[in-house]
Amino acid sequence: MSEEKNSVKILVPATSANCGPGFDCLGLATTLCNELDFTLLEKKEVTAEVEGEGAEDIPHDGENLIWKSAETVIKRAGRSEEFKGAKIRMKNRIPVSRGLGSSSAAIVAGLFAANEILKRPFDKNKLLEFACEIEGHPDNVAPAILGGFTVSTMEKGKVQSFSFMPKINLKLVVAVPDFQLSTSKARAVLPENVSRRDAIFNISRAAMLVAALLEGREDFLKTAFDDAIHQPYRAKLVPGMEEVFSAAKNAGASGVALSGAGSCLIAFALEKNHLENQIASTMVETFRKHEVNARALILDIDKTGVKTA
C-alpha cells in the first residue's frame, strides 16, 4: 500500500475561547492556521518533523498529540491492525500556551487527518465528540472543527455545538505577549463560586453578544464582550491587561477579551471602520509600557474549520 495513498495535507485554525462573557461555552475560529502533512503507516513507527511555533517542545515520537488523537479514529474505525504508525510534518503558526487553542488544533488535526485517510467513517459531529473526550471541553475544539463562532453545551458527557457566522464583519486584532500562560495556572486563580450578581451579569452579556452578532446589531457590542467571572481574576497574570483593554476601546475596538485563558488579548473591530492597524499598534504600545513585549496579528473569522489543503 503506497504512502501517497494514505497521506493528506490539512489546515487547522487557531481558536479563541470565551469571547469575554461566554466562559467555557463560546468560541471562534480564526484565519491563522497550522499546516499538517500526515501519512498513516503500516509499520509501528511514529516520526514528526516540526517547524515554527513550539517546535522545540513538541514530541517527535509516539507521544505526539496529533498521533495520539489520530489513534482514536483508527481504533474507533476498527483499523488498528492495518495502521500502526504515522509520518507527521507540521508547520505551526499558532503560538503555544497563549490562549489560541494550540493543543486543540493538534487534537483536531490528528482526528481529521486520520478520518480523511480512512475515507471519512465519522462525520464532524462524531469527531467533535472524540475531541471533547480528549480535551475535556468543547470551547476550542468546536470552532476548530466547525468554524465561525460556536456556542457549545455539555450534558452527561455529550456535546452540542451550534456554529454561525455573524452578520457583522469583524476584524480580530490579537496582541500576543512574549510569555506563556498555562491553562491550569489560569484556572487556579478562579473562585469556586461566583455571586448571583456576577452570574446574571455574564448570562445577560453572553446572550446579548450572540443575539447582536446574529442580528447584525453593532450598537449592542460595546458592552456585550464584558465579563465578571473569569477575567477580573486572571488580570493579575497578564501585566497591563486592563490598560490594554481600555486603550484598544479608545482606539476604536467594539470589544476586547482575554483570549481563552491567556496570555493573548483579542480586540474585535468593525471591518468598515478600518481601525484594526491603529488598534494593533495601540495594544502593543500599551503592553510595552508595562514592560511586556508583544506582537499583533490581524485576522479574520474562519468560516469552515479544519479542512484539506
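Definitions and limits used
- Residues numbered from 1 in each chain as written.
- Predicted model: local features only at pLDDT ≥ 70, side-chain atom pairs only at ≥ 80, totals over all residues.
- Heavy atoms only, no water.
- Helix = DSSP H or I, 4+ residues; strand = E, 2+ residues; numbered from the N terminus.
- Rg over C-alpha atoms; globule rule 2.2 N^0.38 Å.
- Buried < 20%, exposed > 50% of the residue type's maximum accessible area, 1.4 Å probe, protein only.
- Contact = heavy atoms within 4.5 Å.
- Areas by Shrake-Rupley, 256 points an atom, 1.4 Å probe, with all protein chains shown as cover.
- Lys, Arg positive; Asp, Glu negative; His and termini not counted.
- Charge placed at Lys NZ, Arg CZ, Asp CG, Glu CD.
- Pairing = 2+ DSSP bridges.
- Core = buried A, V, L, I, M, F, W, Y, C linked by side-chain atoms within 4.5 Å.

A. Structural detail: the overall build of the protein chain. Per the secondary structure count, the protein chain includes 10 helices and 11 strands. The C-alpha atoms of the protein chain give a radius of gyration of 19 Å, which matches the 19 Å a tight globule of 309 residues would have. Based on the C-alpha atoms only, the size of the protein chain along its principal axes is roughly 60 × 40 × 40 Å. Taking all 309 residues of the protein chain together, 53% fall into the buried category. Long-range pairs, those at least 24 residues apart, make up 75% of the contacts in the protein chain with a sequence separation of at least 6. Only carbon and sulfur atoms are counted for the fraction: they give 47% of the accessible area of the protein chain, which is about 13,900 Å². With 38 positive and 40 negative side-chain charges, the protein chain shows a spacing of 3 Å between the two charge centroids.

B. Seen up close, the environment of Lys-158. With respect to the helices, strands and loops of the structure, Lys-158 is situated in strand S6 (residues 158-164). As a C-alpha pair, Lys-158 and Cys-132 span 26 residues in sequence and 8.5 Å in three-dimensional space. Not counting chain neighbours up to four residues away, the residues in contact with Lys-158 comprise Glu-129 and Thr-153.

C. Broad picture of the pairing of strand S9 (residues 265-270). By the criterion of burial, S9 is predominantly enclosed, with six of the six residues buried. Residues Leu-265, Ala-267 and Ala-269 point to one face of S9 and Ile-266, Phe-268 and Leu-270 to the other, with burial holding for every one of them. Bridging between strand S7 (residues 170-177) and S9 involves six bridges; their strand directions are antiparallel. Residue pairing for S9: Leu-172 is matched across the bridge by Phe-268.

D. Representation of the nonpolar core. In this structure, Phe-38 and Ile-88 are the most contacted members of the largest nonpolar core, which totals 73 residues. It is helix H2 (residues 102-117) that contributes the most residues to this core, 10 residues altogether. Residue contacts for Ile-88: discarding those within four places in its chain leaves Leu-36, Asp-37, Phe-38, Val-46, Thr-47, Ala-48, Glu-49, Asn-64, Ile-66 and Trp-67. One finds Ala-248, Leu-265, Ala-267 and Val-292 within the second-largest nonpolar core, a separate group that totals 25 residues.

Limitation: the analysis is restricted to geometry and does not speak to function.
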